[in-house]
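# A structural walkthrough
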Amino acid sequence: MTRRIKKVAIIGSGIMGSGIACHFANIGVEVLLLDIVPRELNDKEKAQGLTLNDTVVKNRLVNDALAASLKSKPSPIYNQKFTDRITTGNLDDDLHKISEVDWIMEVVVERLDIKKSVFEQIEKHRKPGTLITSNTSGIPIKFMNEGRSDDFQQHFAVTHFFNPPRYLKLFEVVPGPKCKQEVVDFLMMYGDKFLGKTSVLAKDTPAFIGNRIGTFGIFSLFNVIKDLGMTVEEVDKLTGPVIGRPKSATFRTVDVVGLDTLVHVGNGLYENCKDDERRESFKLPDFIQTMVDNKWLGSKTGQGFYKKTKNAEGKTEILTLDLDTMEYRPNKKAKFATLELTKTIDNVADRFKVLVSGKDKAGDFYRKSFTSLFAYVQNRIPEISDELYRIDDGLRTGFGWEHGPFQIWDAIGVEKGVELMKAEGLEPAKWVTEMLANGETSFYTVKDGATYYYDIPSKSQVKKPGQDSFIILDNIRKSTEVFKNSGVVIEDLGDGILNCEFRSKMNTIGGDVLTGLNKAVDLAEKDFQGLVIGNQGPNFSVGANIGMIFMMAVEQEYDELNYAIKFFQDTMMRMRYSAIPTVAAPHGMTLGGGCELSMHADKVVAAAETYIGLVEFGVGVIPGGGGSKEMALRAQDLFHKGDVQLNVLQEHFLTIGMAKVATSAYEAFDMNVLQEGKDVIVVNKDRQIAEAKKHALLMAEAGYSQKPIRKDILVLGKQALGTFMVGTDAMKASRYISEHDQKIANKLAYVMAGGDLSEPTRVSEQYLLDIEREAFLSLTTERKTLERIQHMLKTGKPLRN
């Protein structure tokens, strides 16, 4: 039977329930969100004369919970319009409606008695064959589905999302003892293809995979830092981006999540993992117990490992908990010689060998923490998973680690890892020893662009499943390289499609990247059928290399700067007017020049999590790589739809003037940065390059032909220019914008109006590009623009002057 999910029911509307409901709405599924009815009226309801029988009262808990979720930052929903896909109700009046859904998910409080009661009620209305899952983080399935029918148990599993459901990619699937294999297969597929997750098959063991290993890692650190006498700042310095983990590192993350949450999971593991060889590690250290007793639980109580206060001058100050005195003190900067050695190593995986070789306290820390982690994960097979890659997938996607434990061990070297373990008094597992004895020296290998992992039962390298829908650039780069410079690598994706991958810092677009893009078009036009512009870094591109622009402007090398900006514009036009289809694959931050590049490709295949916009106003200029021209062009393409032309142009003007950034690819459609009917979105970023290749190939096979450069763009001239300048005058007079903001806005107005033409006129793209470039260059002569660029380079934040 082909199973399709058109409607789901979410039982429980708390933080997780509402978040999961929003994510199903994100992907176009209709959602029924239910919760219990209130037991008593609140003051507002009493004042309105309402009773407990009124629907508005009965639905108060679910509606308030969903409303709170929708107000949270970052948003759980791709576009606020998608909330229309969620219908709320209560368990007393609306539970019967679950007979109409394809999937029922329980997300109520973590108490077995309550869950069993909910399942008993669900079974009265659930139609046979309907999926039924729980989002529990650890209650054994055999207890939850006890007493339920065979059909219920055959379709029952745990589907464990991580919080927040929109953003964290881990989706643990834990089958019940009687769950049909076809149900397991469907849930694994659906998590990947539709929900955009990394589906990880786990066993019904305490805390499953992600929380079992992740919690151990944190508790293990608690012991290491006390042994080494380390500070909170030192640990966060060593466990953040330097090893490919989030900026919040360890203790800031615990503060955000809540120490009580961590302690709850730790206590559960201590109670339920009686055969775990490291069980004692889950006992609370004295300093953690003191924090719990004092209610120093993190952000939710105002203080945890860090505490935000106001100093004598009224300025915000962050204090840090001293783990020896248990008192808060000013922050101390952490510095280690070992970290200095890694500053020139861009690839995180290449840093691990250096880190564990350190001669200082940092080196001691890494040797102790990594070997403790290695010793623990090796012994969790086959307890929590039969395959080692599932453990790595769980930690990468549930905790935001760039590399999982076995990948880190591989980077250090399996034999070296064993040597370090023994030095710490830890023994390798039998299967690790056998693996090395058989000549297998890595947990992972790459063959023909695919990842293989060491399979313990067969004692051989086996292809990791699920890769057929992915193109992993790290796996193919060396073998498929066609061209390379310091800014890009051009790879042959096969089937006549090239990919141009940015490799500059933060994927900024400078001279080498532009040269690489032109080379990619040249190669594709000569010997291939199409071109994808995509990479798999954290962000597609943060924009043009403003450092280069700043240096040219400071040195007053305006001819060189004019040439550089024209080279950028010409390259964007080549993206649009080449003899082969071009497909951009933006994801993450796609700002300024990255946005301009996407807008000039024939098609965009965007990841849902794409934060895209023209943000040049923040550094005191207008978009100069074709962005200002393109927004004027896209506005005029909507003139025929009936709205007042000036109003349409003004909306596009404000998109640039307010430096709007879409918080998802779906919002970018509302800004006309992405275009309906042309551009597409993929929810799973892992599939993006493969999908972009498919679209490039499809366009080529459909008979792609080079388009003529447009000369039919209607600009409104003085009519628009006058209106915009009156508006900027009013905003300056009301002190909404500075004098320099007004100058920038007026320059943009001039470009988007097509200059001060006396009447609406048809002009060419090149005409608009020329006045765009002239306006951009004139702004770089302004002192305040240079101040803004310099401030951005130093702080990464815009300056208002």
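Structure's up top.
The structure reproduced in this document is the subject of the present report. Since this is a predicted model, take the numbers as computed values, not measurements.

Here is what the cut-offs are and how they apply
- Residues numbered from 1 in each chain as written.
- Predicted model: local features only at pLDDT ≥ 70, side-chain atom pairs only at ≥ 80, totals over all residues.
- Heavy atoms only, no water.
- Salt bridge = Lys/Arg side-chain N within 4 Å of Asp/Glu carboxyl O.
- Buried < 20%, exposed > 50% of the residue type's maximum accessible area, 1.4 Å probe, protein only.
- Core = buried A, V, L, I, M, F, W, Y, C linked by side-chain atoms within 4.5 Å.
- Contact = heavy atoms within 4.5 Å.
- Phe/Tyr/Trp six-rings, centres within 6.5 Å; stacked < 30°, edge-to-face > 60°.
- Helix = DSSP H or I, 4+ residues; strand = E, 2+ residues; numbered from the N terminus.
- Polar contact = N/O pair within 3.5 Å; in protein donor to acceptor, adjacent residues only side chain to side chain.
- Patch = residues over 30% accessible without salt bridge, like charges linked within 9 Å, V, L, I, M, F, W, Y side chains within 5 Å.
- Areas by Shrake-Rupley, 256 points an atom, 1.4 Å probe, with all protein chains shown as cover.
- Lys, Arg positive; Asp, Glu negative; His and termini not counted.
- Charge placed at Lys NZ, Arg CZ, Asp CG, Glu CD.
- Pairing = 2+ DSSP bridges.
- Expected span 1.5 Å × (residues − 1).
- Axes fitted to C-alpha atoms, helices over the stretch in contact; angles between N-to-C directions.
- Parallel < 35°, antiparallel > 145°, perpendicular 65-115°, else oblique.
- Left-handed = near helix turned anticlockwise from the far one by under 90°.
- Nonpolar A, V, L, I, M, F, W, Y, C, P; charged D, E, K, R; others polar.

## Remarks on the pattern of salt bridges
Enumeration according to the criterion identifies 59 salt bridges in this entry. In this structure, K283 engages E280 in a salt bridge whose closest nitrogen and oxygen atoms are separated by 3.2 Å. Residue class for K283 comes out partly exposed when judged on its relative accessible area of 43%. Assessed through its relative accessible area of 48%, E280 is described here as partly exposed.

## Digging into the nonpolar core
I98, F305, Y366, F406 and W431 are the most contacted members of the largest nonpolar core, which totals 105 residues. Once you skip the residues sitting within four places of it in the chain, W431 turns out to touch Q378, I381, L388, F406, F443, Y454 and I456. If you look at the next biggest cluster of nonpolar residues, it comprises 98 residues, including F161, A606, A635 and I771.

## Overview of the packing of aromatic side chains
For the structure shown, the criterion picks out 37 aromatic pairs. Between F216 and F282 the ring centres are 6.2 Å apart and the planes differ by 70°, which places this aromatic pair in the edge-to-face class. Highlighted residues: F216 in helix α10 (residues 210-228) and F282 in the loop between α13 (259-272) and α14 (286-293), separated in sequence by 66 residues. Residues F216 and F282 agree in their burial class; the two are buried. Measuring from ring centre to ring centre gives 5.9 Å for F219 and F282, while their planes differ by 55°; the resulting arrangement is tilted. Separated by 63 residues along the polypeptide, F219 in helix α10 and F282 in the loop between α13 and α14 bring together distant segments of the chain. The exposure classification of F219 matches that of F282, with both residues buried.

## Things to note about the side chain of T780
Tracing the sequence through the fold places T780 in the loop between α33 (765-779) and α34 (783-795). In this structure T780 comes out as buried when scored by relative accessible area, which is 0%. Polar side-chain contacts of T780 include one of 2.6 Å to the backbone oxygen of L777. Excluding residues within four positions of it along the chain, T780 makes contact with I549, A553, Y558, L561, V621, T785 and L786.

## Section: a negative patch on the surface
Where like charges cluster on the molecular surface, the negative patch consists of E555, E557, D559 and E560. Note on placement: E557 falls in the loop between α24 (546-554) and α25 (558-576).

## Brief notes about unusual backbone geometry
Across the chain, the bulk of peptide bonds are trans and the bulk of non-glycine residues have phi less than zero. In the segment running from K73 into P74, the intervening peptide bond is cis, with an omega of -5°. Examined against the element boundaries, P74 turns out to sit in the loop between α4 (60-71) and β3 (86-90). With an omega dihedral of 0°, the bond running from N163 to P164 counts as a cis peptide bond. Along the chain, the position of P164 falls in the loop between β6 (156-161) and β7 (170-175). If you check the backbone angles, Q556 has positive phi at about 55° while not being a glycine. With respect to the secondary-structure elements, Q556 resides in the loop between α24 and α25. Of note, the phi angle at R735 is positive, near 65°, even though the residue is not glycine. With respect to the secondary-structure elements, R735 resides in the loop between α31 (718-733) and α32 (739-753).

## As for the pairing of strand β15 (residues 481-484)
Bridge count for β15 against strand β16 (residues 488-494) is three bridges, and the pairing is antiparallel. Opposite K484, over in β16, you have V489 as the bridge partner. The antiparallel pairing of β15 with β16 creates a hairpin that spans three residues between the two strands.

## Examining the side chain of D276
Looking at where D276 falls in the secondary structure, it is placed in the loop between α13 and α14. Exposure remark for D276: the relative accessible area of 6% places this residue in the buried category. In this structure, D276 is in contact with R212, F282, Y376 and R380, ignoring residues within four places of it in sequence.

## Points about helix α23 (residues 511-527)
Between its first and last C-alpha atoms α23 spans 24 Å; for 17 residues at 1.5 Å apiece the expected length is 24 Å, and the two agree. Among the residues making up α23, those that are buried are V513, L514, G516, L517, N518, A520, V521, L523 and A524. Contacts made by the buried residues of α23 are with β15, β16, β17 (497-502), β18 (530-533), α25 and α26 (593-600).

## Comments concerning the packing of helix α20 (residues 414-423) against helix α21 (residues 430-437)
Packing of α20 against α21 leaves a shortest axis separation of 11 Å and a crossing angle of 135°. Comparing their axes, α21 and α20 come out oblique. In this structure, α20 crosses over α21, and the sense of that crossing is left-handed. Residues V414, E415 and V418 of α20 form the contact with α21, whose participating residues are V432, M435 and L436. Taken together, the residues of the contact of α20 with α21 break down into five nonpolar, no polar and one charged.

## Things to note about the environment of S504
Positionally, S504 belongs in the loop between β17 and α23. Given the relative accessible area of 19%, S504 is considered buried.

## Here we look at the environment of D637
Along the chain, D637 turns up in the loop between α27 (627-636) and α28 (645-657). For D637 and V648, which are eleven residues apart along the polypeptide, the C-alpha to C-alpha distance reads 9.8 Å. A polar contact of 2.5 Å, which involves the side chain of D637, links it to the side chain of Q636.

## Side note on the pairing of strand β10 (residues 316-322)
Strand direction decides the pairing type here: strand β9 (residues 306-310) and β10, joined by five bridges, are antiparallel. In the strand pairing of β10, K308 is matched with I318. Between β9 and the antiparallel strand that follows it, β10, lie five residues; G314 among them carries a positive phi value of about 85°. Alignment of β10 against strand β11 (residues 327-330), held across four bridges, turns out to be antiparallel.

All quantities given are derived from atomic positions and should not be read as evidence of function.
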